[in-house]
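Descriptive analysis of the structure
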Amino acid sequence: MNEFDYDAVIVGAGPIGGYLAQKLAKNKLKVLILEEHSEIGRPFQCAGLVNPKAMASVGLVNTVLTPIWGARIYSPEGTLVEIGHEEKVRTWSVCRKLFDEAVIIQSIESGADIWLSSKPINLEFKEDSVEIEILTPNGIKKLTTKIICGADGAHSWVRRTMRMGRPKETMIGMQIEVTGYMGKNGKLDMYTGSDISPGFFAWVIPSGDTARVGVWSQTKYIGERSCEELLNELMNNSRWSFKFKDCKEVGRFVGSVPSGILKNTTSTRVALFGDAAGICKPTTGGGIGPGFAHIDIIVDDFIDLIRKNKLDATSLSKIDKKIDKMRKSQSRARALRDAFLSHSTDEELEEIFKVWAKPDVIKMINEVGEIENPIPLGTKMLKDIPEFRKLAGKAIKAVLWS
Ligand SMILES: Cc1cc2nc3c(=O)[nH]c(=O)nc-3n(C[C@H](O)[C@H](O)[C@H](O)COP(=O)(O)OP(=O)(O)OC[C@H]3O[C@@H](n4cnc5c(N)ncnc54)[C@H](O)[C@@H]3O)c2cc1C
């Protein structure tokens, strides 16, 4: 062994830890991934949507179950906004287990090591290294690394241990996988309304032979209710329950969606990534696309700092600064989400949907709308559609001028 056992130890073998490991290992850094579970991709809590840019970064179209090219979005009273054209795939519905495994295999093929059923239990910071104590199936092991990377998900041990704060918002998501849903191939369905997903939306995503039915919300909106109750409401008591009458549940998942990038994603010899850094989108809850994008933005400088072992808080804060644009864009997207959805009553939503359902607005959505970047469409709507002027009042400070 050299002076260091590893250049970087990455905690968490999710898609973000795997992608980071691959990038570092390809650049000849010595990388170890620690995963507390005995297998990759289980348990997972995800609707399995991977956007085209993220998919292109890893080239894993073989994990796709259904290409998604359109959406049917329903108002609380049932006004339908149907968007998308078959020739333009907007996002991919993947098998998350296969996807996560494949990302990790890519990192191993690039040279990274992985220890399963292993998790860090203590960190000791030295002048030029970190000593990590790791609980493994063969007892406690100690090793040294230049830096520790927390890619350990929404409840990140690294983030908590290093007291690096909390994401601005944490949404709760609950999802079941079913057979027998009356959907349309290639289209995801979204349902709104305070009975079903207060402040947010419920979804049904085609995923091969099954469909994923989910809701997400925040405690401040759901009060005494649980996400399970909301899901039951959608499937059994709502105006859409007929679509679920032949559904049989084959899987069930609950998880958190941390959104609002931490003020500091780095500190001395520590960097956080993915859900650990609060990177999920406030508009869709998607964490894979933005997690990959974060890594793409900082990776060259990060590798340089690791090579030089210049990993003090000040040097690392320079890579943190590089995602300021991403932070700002998430804040603007959140303001748009609040203006159009989260802060609207059911009656206000109904009015919004009536405008969205107009043919010229549907045309605008199809032309300008992007799942990953709702800002251009939202801003255009606020500026160009007279009915939305009063919404613009709500969002103007954060969206138009930030
Ligand atoms: C209901 C729901 C639906 C979602 N749908 C989508 C979607 O359609 N598209 C999308 O892009 N995102 C979606 N998300 C978000 C997405 O699941 C996450 O953003 C994504 O998984 C983040 O990847 P990650 O690698 O940062 O974390 P994770 O996928 O959570 O991986 C973290 C890994 O770290 C391991 N770990 C944790 N603690 C330790 C420890 N102390 N030691 C060692 N290992 C540890 C875990 O076992 C896990 O393997 C959804 C989330 C929810 C809850």
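What counts, and where the lines are drawn
- Residues numbered from 1 in each chain as written.
- Predicted model: local features only at pLDDT ≥ 70, side-chain atom pairs only at ≥ 80, totals over all residues.
- Helix = DSSP H or I, 4+ residues; strand = E, 2+ residues; numbered from the N terminus.
- Rg over C-alpha atoms; globule rule 2.2 N^0.38 Å.
- Buried ≥ 20, exposed ≤ 12 C-beta atoms within 10 Å, placed from the backbone.
- Contact = placed C-beta atoms within 7 Å.
- Near = placed C-beta within 6 Å.
- Nonpolar A, V, L, I, M, F, W, Y, C, P; charged D, E, K, R; others polar.
- Domains from an automatic or database assignment.
- Core = buried A, V, L, I, M, F, W, Y, C linked by C-beta atoms within 7 Å.
- Axes fitted to C-alpha atoms, helices over the stretch in contact; angles between N-to-C directions.
- Parallel < 35°, antiparallel > 145°, perpendicular 65-115°, else oblique.
- Left-handed = near helix turned anticlockwise from the far one by under 90°.
- Pairing = 2+ DSSP bridges.

Below, the discussion takes up the overall build of the chain. If you tally the helices and strands in the chain, you get 13 helices and 18 strands. The C-alpha radius of gyration computed for the chain amounts to 22 Å, which stays within 12% of the reference 21 Å derived for 402 residues, consistent with globular compactness. Put simply, the chain has 402 residues, and 47% of those count as buried. Within the chain, residue pairs in contact and separated by at least 24 positions form 70% of the contacts whose partners lie at least 6 positions apart.

Moving on: the site of the ligand. What surrounds the ligand is a group of 36 residues, the closest being Gly 12, Gly 14, Gly 173, Gly 274 and Gly 287. Counting only elements with at least two residues in the shell around the ligand, the list comes to helix H1 (15-26), strand E12 (169-179), strand E16 (248-259) and helix H7 (288-308). The residue inventory of the shell around the ligand, partitioned by class, reads 13 nonpolar, 18 polar and five charged. Residue contributions to the shell around the ligand reach at least three from each of two domains, namely domain 1 (6-46 + 96-167 + 262-322) and domain 2 (66-94 + 169-258).

Buried together is how nonpolar side chains tend to be arranged in soluble globular proteins. Among the nonpolar cores identified, the biggest contains 101 residues, and Ala 8, Ile 10, Leu 20, Val 31, Cys 149 and Phe 273 are the most heavily contacted of them. With seven residues, the single largest contributor to this core is H7. Ignoring any residue separated from it by four or fewer positions in sequence, one finds Phe 273 in contact with Ile 16, Leu 20, Cys 149, Gly 150, Ala 151, Gly 291, His 294 and Ile 295.

In this section: the packing of helix H11 (residues 359-368) against helix H12 (residues 375-384). Relative orientation of the contacting elements H11 and H12 amounts to 150°, with a least axis distance of 9 Å. Between H11 and H12, the interaxial angle falls into the category roughly antiparallel. H11 and H12 meet at a crossing whose hand is right-handed. In this structure, H11 uses Met 364, Ile 365 and Val 368 to contact H12, whose residues at the interface are Pro 376, Leu 377 and Lys 380. In terms of residue class, the contact of H11 with H12 is built from five nonpolar, no polar and one charged.

Relative to the assigned elements, Lys 354 resides in helix H10 (residues 346-356). Exposure remark for Lys 354: the 15 C-beta atoms within 10 Å place this residue in the partly exposed category. Separated by 108 residues in the primary sequence, Lys 354 and Asp 246 have C-alpha atoms spaced 30 Å apart.

Moving on: the sheet that holds strand E3 (residues 49-50). Strand order in the open sheet formed by three strands is E3-E7-E4, and the pairing between neighbours is antiparallel. Strands with a single pairing partner mark the edges of an open sheet, and in this sheet they are E3 and strand E4 (64-68). The sheet contact formed by E3 and strand E7 (residues 91-94) spans two bridges and is antiparallel. Its bridge partner lying in E7, Val 50 is registered against Trp 92.

This next bit is on the sheet that holds strand E5 (residues 70-74). Taken together, seven strands build an open sheet; the order of strands is E6-E5-E13-E14-E15-E12-E16 and the sheet is mixed. In this open sheet, the two edge strands, each paired with only one partner strand, are strand E6 (80-84) and E16. When strand polarity is set aside, the average angle formed by the axes of neighbouring strands in this sheet is 20°. One ladder, built from five bridges, connects E5 with strand E13 (residues 187-191); its direction is parallel.

This part takes up the domain arrangement of the chain. Domain annotation for the chain reports domain 1 (6-46 + 96-167 + 262-322), domain 2 (66-94 + 169-258) and domain 3 (328-399). When each unit is reduced to the centre of its C-alpha atoms, the spacing between domain 1 and domain 3 is 35 Å. The partner domain 3 presents seven residues to the five residues of domain 1 that form the contact. Looking at the side of domain 1 that touches domain 3, its residues break down into one nonpolar, three polar and one charged.

Moving on, we come to the pairing of strand E11 (residues 139-150). Direction of pairing for strand E1 (residues 6-11) relative to E11: parallel, over a ladder of five bridges. Bridge pairing in E11 links Val 9 to Ile 148. Bridge count for strand E10 (residues 130-136) against E11 is seven bridges, and the pairing is antiparallel. Along E11, the bridge assignment pairs Glu 133 with Lys 142.

With that settled, consider the packing of H1 against H7. Axis separation between H1 and H7 bottoms out at 10 Å; the angle between their running directions is 25°. By the angle between their directions, the pair H1 and H7 is classed as roughly parallel. Crossing handedness for the pair H1 and H7: right-handed. Contacts from Pro 15, Ile 16, Tyr 19, Leu 20, Lys 23 and Leu 24 in H1 reach Ile 288, Gly 291, Phe 292, Ile 295, Val 299 and Ile 303 in H7.

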